[in-house]
Amino acid sequence: MLKYSVFLGNVGSCFDRYCTEYAKPFSLCELFERAASIKKLDAVDLVMTWDMMNQKDEIKAQLKKTGLNVGSLAVDTFANPIYQKGSLSSTDAKVRNQSLADAKRVIDFAEEIGCPIVTLWPGQDGYDYIFAADYIKERQLFADGLKELCKYNENIIITVEYKLKEPRTHSYLSTVGSTLLMMEKIGLPNLGVALDYGHAALGYETAAEAVAMCKMYGDRLKHIHINDNYRLWDDDMIVGTVHTLEYLEFFYWLKKTGYNGYLVIDQFPYREDGRDAVSESAEWLDVLQKAAERINEEEITEVLAKRDGVASSRYMRKLLFGGME
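The structure presented is a predicted model; accordingly, all values stated were derived computationally and were not measured.

(A) The arrangement of the side chain of T179 in detail. Counting through the fold element by element, T179 comes out in helix α6 (residues 176–186). Apart from residues lying up to four places away in sequence, T179 is in contact with Y162, L173 and V193.

As structure tokens, this is what we get:
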């Protein structure tokens, strides 16, 4: 069974563009306590906003107190208004330098606390309108920034979390293919993909195929964010509540390709209690992984060779409900 982490804020209260407070806010200490109370969790992932960077001593104290590990540290290159027109891809040298400096501070903190992964979500790196971007120049600037961060500390893995859109209408790192292509050109070993299941679904990708592609092109899958949605938006729902069957194939390919990193529960339980919703995702992850573990390699090889939807459907029923022919 793979280990589980959670973005720390997800066990608290969330807000959206319409309602700024669905429930009371929680302190950093309370968030750590709520995460630690979910027995299936082994770690937390932290988004290192400016406020979080100023609480590094308290973070270290809470990690020691709760015994939780850190799956990854995420660099805030999306919430700070300075990055409204891009971070590493910004055509303003001052903004690019700021994003590099912010990322390097997070990398330093990652090394300090023994966290092996730093994640970049280039949410602001893209464009909104036609004739509003220099596609070649800005992609190259982003690639140059990635290369600099990878070389800054070769012991830390830099992962990139791609997404089709939002907050920009078009993202430069939008699909698994565009992300792997940039990484292939950069060619550094400590550069990897942070695959968000919901982002793959939003981009109408098959997440299992994305896993396979990451294996094919450089063994780049290093971190996974896990949630669910209806493909129309990045809903960040409880795991398995929509794409139950697709998750079976997803876990099969994770095992087949040898992924051994964290599954990071990344969801926004607006109207549910955050701790309870995260706990429910962990329960689903257990159930889905156990179902996928029942896959017999000889049987699935035969099913895949048939390339027949009826045979595939029959096998999925067998995995979920057992003994049905």
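(B) Quick look at the sheet that holds strand β10 (residues 263–265). With parallel pairing, the eight strands of this open sheet are ordered in space as β1-β10-β9-β8-β6-β4-β3-β2. In this open sheet, the two strands that pair with only one neighbour each are β1 (4–6) and β2 (43–48). Between one strand axis and the next, the sheet turns through 30° on average, direction left out of account. Pairing between strand β8 (residues 191–196) and strand β9 (residues 221–226): four bridges, direction parallel. The residue of β9 that forms the bridge with V193 is L221. Running at roughly 170° to strand β3 (residues 69–75), helix α4 (residues 93–113) makes contact with β2, β3, β4 (117–120) and β6 (157–160) of the sheet.

(C) Spotlight on the pattern of salt bridges. As enumerated under the stated definition, the model contains 17 salt bridges in all. The salt bridge partner of R168 is D128, with a shortest N-O separation of 3.1 Å. You can see R168 sitting in the loop between β6 and β7 (170–171) and its partner D128 sitting in the loop between β5 (126–127) and α5 (135–152), a full 40 residues away along the chain. Take R168: its relative accessible area is 11%, and that puts it in the buried class. One salt bridge in this structure joins R275 and D276, with 3.5 Å as the shortest N-O distance. Shared partners join several salt bridges into a network, and the residues in it are D57, K60 and E112.

(D) Looking closely at the pairing of β2. Counting buried positions along β2 gives five out of six residues, so the element sits mostly inside the fold. Where β2 lies against β3, five bridges are found, and the strand directions are parallel. Its bridge partner being in β3, A43 is matched across the sheet by N69.

(E) Region of the structure containing the packing of α5 against α6. In contact at an axis separation of 10 Å, α5 and α6 are set at 60° when each is read in the N-to-C sense. If you check the angle between α5 and α6, you find them oblique. Our pair here, α5 against α6, has a crossing hand that is right-handed. Contacts from R139, Q140, F142, A143, L146 and K147 of α5 reach α6 at M182, K185 and I186.

(F) Molecular detail of the nonpolar core. In this structure, L146, L195, I226, F250, L254 and L263 are the most contacted members of the largest nonpolar core, which totals 83 residues. Among all residues touching I226, those that are not within four sequence positions of it are Y197, V239, Y247, F250, L263, V264, I265, D266 and L285.

(G) A look at the packing of aromatic side chains. As enumerated under the stated definition, the model contains eleven aromatic pairs in all. An angle of 85° between the planes, with centres 5.1 Å apart, marks the rings of Y197 and F250 as edge-to-face. Here the residue Y197 occupies a position in helix α7 (residues 197–202), and F250 occupies one in helix α9 (residues 244–256), the gap between them amounting to 53 residues. Pair check on accessibility: Y197 and F250 agree, each one buried. The interplanar angle of 25° and the centroid separation of 5.9 Å between the aromatic rings of Y247 and F251 together place this pair among those described as stacked. Pair noted here: Y247 and F251 are both in helix α9, with a separation of four residues, about one helical turn. The pair Y247 / F251 is uniform in exposure class, with both members buried. Three or more aromatic residues joined by ring pairs form one cluster here, namely Y197, Y247, F250 and F251. Directly above the aromatic system of F26 lies the positively charged group of R34, at a separation of 4.2 Å from the ring centroid.

What counts, and where the lines are drawn
- Residues numbered from 1 in each chain as written.
- Predicted model: local features only at pLDDT ≥ 70, side-chain atom pairs only at ≥ 80, totals over all residues.
- Heavy atoms only, no water.
- Helix = DSSP H or I, 4+ residues; strand = E, 2+ residues; numbered from the N terminus.
- Contact = heavy atoms within 4.5 Å.
- Pairing = 2+ DSSP bridges.
- Axes fitted to C-alpha atoms, helices over the stretch in contact; angles between N-to-C directions.
- Salt bridge = Lys/Arg side-chain N within 4 Å of Asp/Glu carboxyl O.
- Buried < 20%, exposed > 50% of the residue type's maximum accessible area, 1.4 Å probe, protein only.
- Parallel < 35°, antiparallel > 145°, perpendicular 65-115°, else oblique.
- Left-handed = near helix turned anticlockwise from the far one by under 90°.
- Core = buried A, V, L, I, M, F, W, Y, C linked by side-chain atoms within 4.5 Å.
- Phe/Tyr/Trp six-rings, centres within 6.5 Å; stacked < 30°, edge-to-face > 60°.
- Lys NZ or Arg CZ within 6 Å of the ring centre and 35° of its normal.

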